[in-house]
Amino acid sequence: MPSDDEAERLRREFEAEQRATAGAIGIGHDFRPDVTVYNQASGIIVASMKRDVPDAFEQRLFLRHRSERRYRPLGAPPPDIHRYDLITSPTLPAIYYTVHRVTKGEQPGEYGCDWLSIDRCELPNGDVESIVRKGELQLPEPYARGWVSKLFCVAPDESAIICSCGLERPEGGRVRYWLCSVVPRTQEVALLSRLEGIWY
């Protein structure tokens, strides 16, 4: 086991190496990785990163071509807009993610999250389109209100997105979670399987 002095030296060396790597690849050393995807059609690597900042936390996307070392930011959304559940098309040069507005709660470290849309981002140019939007989901009976909870995958022809949705009846009450297929063209939601443990 190393001595205290040796452990401190190794810690400083590790931190210096982290900072040097962060500078070389273009992502701040204080960012933590969330998820990384590779889009084969474009050769683009996209990394979802997050970091804590005073009284808030940030979530950002960075991308680079596989032949490059340095990442660049993907867009510059406002600090309260976060992009989650990053997935990639299996056949086309595009990625998808959910967009949320994050608000600070009353207690320290407490945050609220409001789902806004599923966005499609064309690679490598970064053109973005909201393809599924809050308030426009066409829900099956008996549900009257719903939101996208998590993305799983997209059909090869982009005709549907497989995701989990939280759904409520008109009278309110308990939220039910379902594995769903959502058709972007019509916003139609089809129920595939009930997720009784919310995530499974």
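In what follows, the structure referred to is the one given above.
Student: Talk me through helix 1 (residues 4-25); I want residue IDs and the actual numbers.
Tutor: In an α-helix, one full turn covers 3.6 residues, which means residues spaced three or four apart are oriented alike. Its 22 residues give helix 1 an end-to-end C-alpha distance of 32 Å, which sits within 8% of 32 Å, the value for a rise of 1.5 Å per residue. The positive-phi residue at the C-terminal boundary of helix 1 is Gly26, with phi of around 85°.

Student: Lay out the layout of surface pockets in plain terms, naming residues and giving numbers.
Tutor: Counted as a void, the largest pocket has a volume near 540 Å³. Along the walls of the largest pocket sit 27 residues, with His100, Trp115, Trp147, Val148 and Ser149 positioned nearest its centre. Here the lining of the largest pocket gets six residues from one element, more than from any other, and that element is strand 9 (residues 145-154). Tallied by class, residues from the lining of the largest pocket come to 13 nonpolar, four polar and ten charged. Taken as a whole, the second largest pocket spans an internal volume of roughly 150 Å³. Around the second largest pocket, the lining residues are Gln18, Thr21, Ala22, Ile25, Ile27, Gly28, His29, Phe31, Pro33 and Met49. Ranked by residues supplied to the lining of the second largest pocket, first place goes to helix 1 with four residues. The class makeup of the residues in the lining of the second largest pocket is six nonpolar, four polar and no charged.

Student: Could you give an account of the pairing of strand 11 (residues 172-183), naming the residues involved and the relevant values?
Tutor: Pairing between strand 10 (residues 161-169) and strand 11: eight bridges, direction antiparallel. Across the sheet, residue Arg169 finds its bridge partner in strand 11, namely Gly172. Where strand 10 hands over to strand 11, the hairpin turn is made up of two residues, counted between the paired strands. Where strand 11 lies against strand 12 (residues 188-194), six bridges are found, and the strand directions are antiparallel. Bridging from a neighbouring strand, Leu179 pairs with Ser193 of strand 12. In this structure, the hairpin formed by strand 11 and strand 12 is closed by a connection of four residues, where Gln187 is found at a positive phi of approximately 65°.

Student: Before we move on, can you summarise the sheet that holds strand 6 (residues 94-104) with the specific residues and values?
Tutor: Spatial strand order, 5-6-7-8: four strands in an open sheet with antiparallel pairing. Looking at which strands have only one partner, the edges of the open sheet turn out to be strand 5 (81-88) and strand 8 (128-133). Neighbouring strand axes in the sheet, compared pairwise and without regard to direction, differ in orientation by 35° on average.

Student: Please provide a residue-by-residue account of the environment of Pro73, values included.
Tutor: By the secondary structure assignment, Pro73 is in strand 4 (residues 72-73). Taking the relative accessible area as the measure of exposure, Pro73 reaches 54% and is therefore exposed. Counting along the chain gives 73 residues from Pro73 to Gly146, while the straight-line C-alpha distance between them is 31 Å. If sequence neighbours within four positions are ignored, Pro73 has contacts with Leu61, Phe62 and Leu63.

Student: Could you give me a rundown of the environment of Arg69, with the residues and numbers involved?
Tutor: With respect to the helices and strands, Arg69 occurs in the loop between strand 3 (56-65) and strand 4. Take Arg69: its relative accessible area is 55%, and that puts it in the exposed class. For the pair Arg69 and Ile25, spaced 44 residues apart in sequence, the C-alpha to C-alpha distance is 5.8 Å. The residues contacting Arg69, other than those within four sequence positions of it, are Ala24, Ile25 and Arg64.

Student: Hey, could you go over the sheet that holds strand 9 for me, with residue numbers and the actual values?
Tutor: Adjacent strands of a sheet pair through backbone hydrogen bonds, lying either parallel or antiparallel. Here we have four strands laid out as an open sheet, ordered 9-10-11-12, and antiparallel in their pairing. A single partner strand is all that each edge strand has here, and the edge strands are strand 9 and strand 12. Averaged over all neighbouring strand pairs, the angle between strand axes comes to 35°, with direction disregarded.

Student: Run through unusual backbone geometry, naming residues and quoting values.
Tutor: Outside of glycine, negative phi angles account for most residues, and trans bonds account for most peptide bonds. Residue Pro124 follows Leu123 across a cis peptide bond; omega there is 5°. Inspection of the secondary structure assignment puts Pro124 in the loop between strand 7 (111-122) and strand 8. Backbone torsion omega between Glu141 and Pro142 reads 10°, so that peptide bond is classified as cis. As for its position among the elements, Pro142 is in the loop between strand 8 and strand 9. If you check the backbone angles, Asp85 has positive phi at about 55° while not being a glycine. Within the secondary structure, Asp85 sits in strand 5. Look at Asp85 and you get buried, because its relative accessible area is 17%. For Gln187, which is not glycine, the phi torsion reads 65° and is therefore positive. On the basis of relative accessibility, which here comes to 5%, the residue Gln187 falls in the buried class.

Rules used in this analysis
- Residues numbered from 1 in each chain as written.
- Predicted model: local features only at pLDDT ≥ 70, side-chain atom pairs only at ≥ 80, totals over all residues.
- Heavy atoms only, no water.
- Helix = DSSP H or I, 4+ residues; strand = E, 2+ residues; numbered from the N terminus.
- Expected span 1.5 Å × (residues − 1).
- 1 Å grid on protein atoms, 1.4 Å probe; cavity = no way out; pocket = protein on both sides within 12 Å on 5 of 7 lines; lining within 4 Å.
- Points joined across faces, edges and corners; volume = space filled by probe spheres on them.
- Nonpolar A, V, L, I, M, F, W, Y, C, P; charged D, E, K, R; others polar.
- Pairing = 2+ DSSP bridges.
- Axes fitted to C-alpha atoms, helices over the stretch in contact; angles between N-to-C directions.
- Buried < 20%, exposed > 50% of the residue type's maximum accessible area, 1.4 Å probe, protein only.
- Contact = heavy atoms within 4.5 Å.

From the geometry alone we can't say anything about function, so treat these as descriptive.
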